[in-house]
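Structure assessment
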Amino acid sequence: MIKNVKNNIDLTIGKVSGELNIGGLVSFASGNSQILSCSNNGFVNVIDLTASNKTVVGGIVSNNSGNLLIRDSYNTGDLKYGWRVGGIAGGVITDDAILVMDRCYNTGLINGILNTASGANVHTGGLIGLLWTANTSSTAYIINSYNVGDVYSGTFRDAGGLVGSVATKGKGYFINSYNAGNITSQKSTSMAAGIANYSASGSLKFVSNNVFNFGTVVGVKSAHGIGYMSNKNYTIINTYYNNANSGSNYSVGVGMPITS
C-alpha cells in the first residue's frame, strides 16, 4: 500500500530504447496493490526517443499487473511523450484481476506524440492510456473520476478523454465520471473519443452510467463524442456529450442522451 505520498519534482528521462515504465510515483505495481490519497505535481518529460521506444508513462503509476485500487489520487503535472500515456495510469493490464479507480482526476496535459518513433501504436488518455486484458474474468471500474487536461495522440493512434483505448475481453464500468479536456488524434487510421475507444472482442461488457463529455473531440479518421465500440454488448445510460467534429453512430445532437 502507498498512502499520502506526493511528488513535486519534475522528471526528465534521457535517451530511451526498448520498453520502460515511468510513473510520477510508481513505475510498476504488481500483486494486490493500493494507491491511496497520492498525487503527482511534477512534469514528466521523455526525450530523445528511438524508433523502438515503448515507454509507458503515468502520472501516478506507469504500469501494473494484478489487482489495483487507486483512490483519492490526482495528477496535475504535464506528461510528454510515450507509447502509452495516462494522467493516472499509462497502461493497465488486468488479466484475472480487478481495477478500481475511484475519486481520481487529472488536470495535466497528456501528450503521446513520438517525434522519432515509426509505426508505434500510441494510446493516450486523460486517466488511462491503454486498458488491456485477454481474460473474460477481468473487470475495470472507473468511478467518480474526471479529466480536464487536453489529450493529444498526434500523428500516431488513439486518444480518449478518460481512456485512450480499451482492448479487452473483460468488463468495463464507467460511472459518475466526466471529461472536460479537448481530445485530438491526427493519424488517418486513428480515433478520438470523449470518453474511450473500444477495439474489443465480442465478450466485452461495457456499462456507462452518468458519464459526460464536455470537451471538443478532433480526429482525422473519426471523432466520437462518447467513443467507438466494435461490438453491441454495452449498456449506455445517462451519458451525454457536448460535440464532436465528425459524425458517428452516437452523433444524435448536442446535449442529447446517448442510448444503445
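In this report, the structure presented in the accompanying data block is examined. Note that the structure is a prediction, hence the values are computed from the model and not measured.

Right, let's get into the overall build of the protein chain. Along the protein chain, the regular secondary structure elements total 0 helices and 33 strands. The buried share of the protein chain, reckoned over its 260 residues, is 54%. Here the contacts in the protein chain between residues at least 6 apart in sequence split such that 81% fall between residues at least 24 apart. Only carbon and sulfur atoms are counted for the fraction: they give 50% of the accessible area of the protein chain, which is about 9700 Å².

So, on to the pairing of strand S21 (residues 139–143). Summarising the sheet, strand S16 (residues 98–102) and S21 pair through 5 bridges and their orientation is parallel. Within S21, the position partnered with Leu99 by the bridge is Ala140. Where S21 meets strand S26 (residues 171–179), 5 bridges bridge the pair, whose relative direction is parallel. Bridge pairing links Thr139 to Lys171 in S26.

In this structure, Val218 sits in strand S31 (residues 217–219). Classification of Val218 by relative accessible area gives partly exposed; the value is 33%.

In this structure, Asn40 sits in strand S7 (residues 39–40). On the basis of relative accessible area, Asn40 is assigned to the buried category, the value being 0%. A distance of 2.7 Å separates the side chain of Asn40 from the side chain of Asn7, its partner in a polar contact. One polar contact links Asn40 to Asn75, side chain to side chain, over a distance of 2.7 Å. Beyond its immediate stretch of four places on either side in the chain, Asn40 contacts Asn7, Gly24, Gly59, Ile60, Tyr74, Asn75, Thr76 and Gly77.

This paragraph deals with the nonpolar core. Formed by 31 residues in total, the largest nonpolar core has its most connected members in Ile35, Val61, Ile70, Ile128, Leu131, Val163 and Phe174. When near neighbours in sequence (up to four residues on either side) are disregarded, Ile70 contacts Ile35, Val61, Ile88, Val100, Met101, Asp102 and Cys104. Core analysis: the second largest hydrophobic core is formed by 14 residues, Val46, Val57, Val85 and Ile110 among them.

This brings us to the pattern of salt bridges. One pass over the full model with this rule turns up 3 salt bridges. Arg71 is paired through a salt bridge with Asp102; the nearest N and O atoms lie 3.1 Å apart. On the criterion of sequence distance, the pair formed by Arg71 in strand S11 (residues 68–71) and Asp102 in strand S16 is long-range, its members being 31 residues apart. By relative accessible area, which is 29% here, Arg71 ends up partly exposed. Taking relative accessible area as the criterion, Asp102 reaches 7% and is therefore assigned buried. Asp72 is the partner of Arg103 in a salt bridge, and the nearest nitrogen-oxygen pair spans 2.6 Å.

A positive phi is found at Asn4, a non-glycine position, where the angle reads about 55°. Given a relative accessible area of 54%, Asn4 falls into the exposed group. For Asn210, which is not a glycine, the phi torsion comes out positive at approximately 60°. Residue position: Asn210 is located in strand S30 (residues 205–213).

So, on to the packing of aromatic side chains. A complete count under the given rule lists 6 aromatic pairs for this structure. Relative to Tyr178, the ring of Tyr146 lies with its centre 4.9 Å away and its plane at 0°, an arrangement referred to as stacked. With Tyr146 in strand S22 (residues 146–147) and Tyr178 in strand S26, this pair connects stretches of sequence that are 32 residues apart. By relative accessible area, which is 29% here, Tyr178 ends up partly exposed.

What counts and how
- Residues numbered from 1 in each chain as written.
- Predicted model: local features only at pLDDT ≥ 70, side-chain atom pairs only at ≥ 80, totals over all residues.
- Heavy atoms only, no water.
- Helix = DSSP H or I, 4+ residues; strand = E, 2+ residues; numbered from the N terminus.
- Buried < 20%, exposed > 50% of the residue type's maximum accessible area, 1.4 Å probe, protein only.
- Contact = heavy atoms within 4.5 Å.
- Areas by Shrake-Rupley, 256 points an atom, 1.4 Å probe, with all protein chains shown as cover.
- Pairing = 2+ DSSP bridges.
- Polar contact = N/O pair within 3.5 Å; in protein donor to acceptor, adjacent residues only side chain to side chain.
- Core = buried A, V, L, I, M, F, W, Y, C linked by side-chain atoms within 4.5 Å.
- Salt bridge = Lys/Arg side-chain N within 4 Å of Asp/Glu carboxyl O.
- Phe/Tyr/Trp six-rings, centres within 6.5 Å; stacked < 30°, edge-to-face > 60°.

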